[in-house]
Amino acid sequence: MAAVVRNEEIRRLTATGLQILAVAAVYFAAGRLGLLQQVVVAGAKVTPLWPPTGIALTCLLLLGVGIWPGITLGAFLVIATIGSFNPATVGIVVGNTLAPVCALLMLRRVGFRVELDRLRDGVALVFLGAFAGMLISATMGAGSLVLEGSLPTSAFWHTWAAWWTGDAMGVLVITPLLLVIREARLPRGIGLYQWAEPAALLAGTAVVTLVVSRTSLDLLFLVFPLLIWAALRFQLAGAAPCVLLVSVITISAATDHVGPFAEHGLLAIMVTLQGLNGAAALTALLLAAIITERKSTYRRIQQACTELAEVVARLAPGEAGHRWPPAEDGDRRTGG
């Protein structure tokens, strides 16, 4: 018996170790991709969208808090590729680990469900997972740079704001997308013509975003009808990919200083970019959650009505020979 228990423990530890290594590898790969869009704010390198935060929170939601060493290892490897090890590195790595872990604990506290099929789940992911949780990574990251001396104190708030919005956008954009991919199943019995609408929606979102982000006119608001269409018709499965397209394309335009971002300073560009991406993610995510919750409620009502009809149908034959309501005594005396 002891040998069996020991073998089970070894298998469990091996599986956990492999999960930690996998999380670290995915975190590192996402971090390298995120660094392609980095900007420099007062000497600090930040990104308008930091995908590793969304990946870290998703892994914690699906695999449990025990895989946190993978986040730490991945964050350290990303930093090691862009600079030398220094005291600020420790603070940044700790902040990048604590932020998603604390976000997970807050989401668990309010009963968050990874299906994102309730409005409360969408609200919790936005305000607890993204906005509140990522305060930790931004504060510890920017604060570590100030304490280490590589960032002037006067630039703390600009760096902090860019850091926080990048991490929050990683959660808002990447986490819903990964949760959708996890539940994705290829539908059966769907003809090619039925794929036309989602394909047109994705292509239209890409084309419209590309055009409005490269023209000098302020037409960025034109992406919202497409996001609303995606959320109404396909809920999170349609909204999440469209939000990702909008974010990636507008970030590319902002870093290239073209279109609406051409004649503005870095701070104005970051405010405009994060305002657009944040509003797009909030609109699509919350609207998709509302529609999903209403559809789920309708299905439960329909199921309850079906079960009630079956009960009535079973009772009806037994009542065929009885009067209802029961006859009064006078009726029985005078009847027949």
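Our structure is the block above this text.
What you are looking at is a predicted structure, and each value in this text was computed from that prediction instead of being measured.

A. Structural detail: the overall build of the chain. Counting secondary structure elements, the chain contains 11 helices and two strands. Of the regular secondary structure in the chain, the N- to C-terminal order runs α-β-β-α-α-α-α-α-α-α-α-α-α. Residues counted as buried form 41% of the 336 residues belonging to the chain. By sequence separation, contacts in the chain at least 24 residues apart represent 75% of the contacts at least 6 residues apart. Entry remark: accessible area of the chain is about 17900 Å², with carbon and sulfur atoms responsible for 67%.

B. Expanded view of the side chain of Ser137. Examined against the element boundaries, Ser137 turns out to sit in helix 6 (residues 134–148). Here the side chain of Ser137 touches Asp167 through a polar contact of 2.6 Å, side chain to side chain. Residues within four places of Ser137 in sequence aside, it is in contact with Gly95, Asn96, Ala99, Trp163 and Asp167.

C. Highlighting the packing of helix 7 (residues 156–183) against helix 10 (residues 266–315). Orientation of helix 7 relative to helix 10, taken along the N-to-C sense of each, is 25 degrees, at an axis distance of 10 Å. Taken together, the axes of helix 7 and helix 10 are roughly parallel relative to one another. For the crossing formed where helix 7 meets helix 10, the hand is left-handed. Mapping the contact onto sequence places His158, Ala162, Thr165, Gly166, Met169, Leu172 and Pro176 in helix 7 and Leu267, Met270, Gln274, Asn277, Gly278, Ala281 and Leu285 in helix 10. Here the contact of helix 7 with helix 10 is composed, by residue class, of eight nonpolar, six polar and no charged.

D. Spotlight on helix 2 (residues 51–63). An ideal rise of 1.5 Å per residue puts 18 Å on 13 residues; helix 2 measures up with 18 Å between its terminal C-alpha atoms. The buried count for helix 2 comes to 11 of 13 residues, which makes it a mostly enclosed element. Where helix 2 is concerned, the buried positions are Pro51, Pro52, Thr53, Gly54, Ile55, Ala56, Leu57, Thr58, Cys59, Leu60 and Leu61.

E. Geometry of the pattern of salt bridges. Using the criterion set out here, one finds four salt bridges in the structure. Put simply, Arg233 and Glu197 hold a salt bridge, and the shortest N to O gap is 2.7 Å. Note that Arg233 is positioned in helix 9 (residues 224–256) and Glu197 in helix 8 (residues 196–212), a separation of 36 residues in sequence. Given the relative accessible area of 43%, Arg233 is considered partly exposed. Judged by relative accessible area, Glu197 falls into the partly exposed class, the value being 26%. Between Asp256 and Arg214 there is a salt bridge, and its shortest N-O distance comes to 3.4 Å. With Asp256 in helix 9 and Arg214 in the loop between helix 8 and helix 9, the pair connects residues that are 42 residues apart, well separated along the chain.

F. Geometry of helix 9. Its 33 residues place the ends of helix 9 only 23 Å apart at the C-alpha level, less than the 48 Å of an ideal helix rising 1.5 Å per residue. Along its length, helix 9 shows its largest kink, about 145 degrees, at Phe234.

G. Structural detail: the packing of aromatic side chains. Evaluated as defined, the whole model comprises five aromatic pairs. For the pair Phe127 and Phe131, a centre-to-centre distance of 5.6 Å together with 85 degrees between the ring planes defines the contact as edge-to-face. Highlighted residues: Phe127 and Phe131, both in helix 5 (residues 119–132), separated by four residues, approximately one helical turn. Ring centres of Phe156 and Trp157 lie 5.0 Å apart, and the angle between their planes is 80 degrees; on these two criteria the pair is classed as edge-to-face. Ring pairing ties together the aromatic residues Phe127, Phe131, Phe156, Trp157, Trp160 and Trp164, which thus form one cluster. For the cation-ring pair, Arg233 lies above Phe234, with the distance from its terminal atom to the ring centre recorded as 5.4 Å.

What counts and how
Residues numbered from 1 in each chain as written. Predicted model: local features only at pLDDT ≥ 70, side-chain atom pairs only at ≥ 80, totals over all residues. Heavy atoms only, no water. Helix = DSSP H or I, 4+ residues; strand = E, 2+ residues; numbered from the N terminus. Buried < 20%, exposed > 50% of the residue type's maximum accessible area, 1.4 Å probe, protein only. Contact = heavy atoms within 4.5 Å. Areas by Shrake-Rupley, 256 points an atom, 1.4 Å probe, with all protein chains shown as cover. Polar contact = N/O pair within 3.5 Å; in protein donor to acceptor, adjacent residues only side chain to side chain. Axes fitted to C-alpha atoms, helices over the stretch in contact; angles between N-to-C directions. Parallel < 35°, antiparallel > 145°, perpendicular 65-115°, else oblique. Left-handed = near helix turned anticlockwise from the far one by under 90°. Nonpolar A, V, L, I, M, F, W, Y, C, P; charged D, E, K, R; others polar. Expected span 1.5 Å × (residues − 1). Salt bridge = Lys/Arg side-chain N within 4 Å of Asp/Glu carboxyl O. Bend = angle between axes of the 7 residues up to and from the residue. Phe/Tyr/Trp six-rings, centres within 6.5 Å; stacked < 30°, edge-to-face > 60°. Lys NZ or Arg CZ within 6 Å of the ring centre and 35° of its normal.

The values are spatial; any link to function lies outside them.
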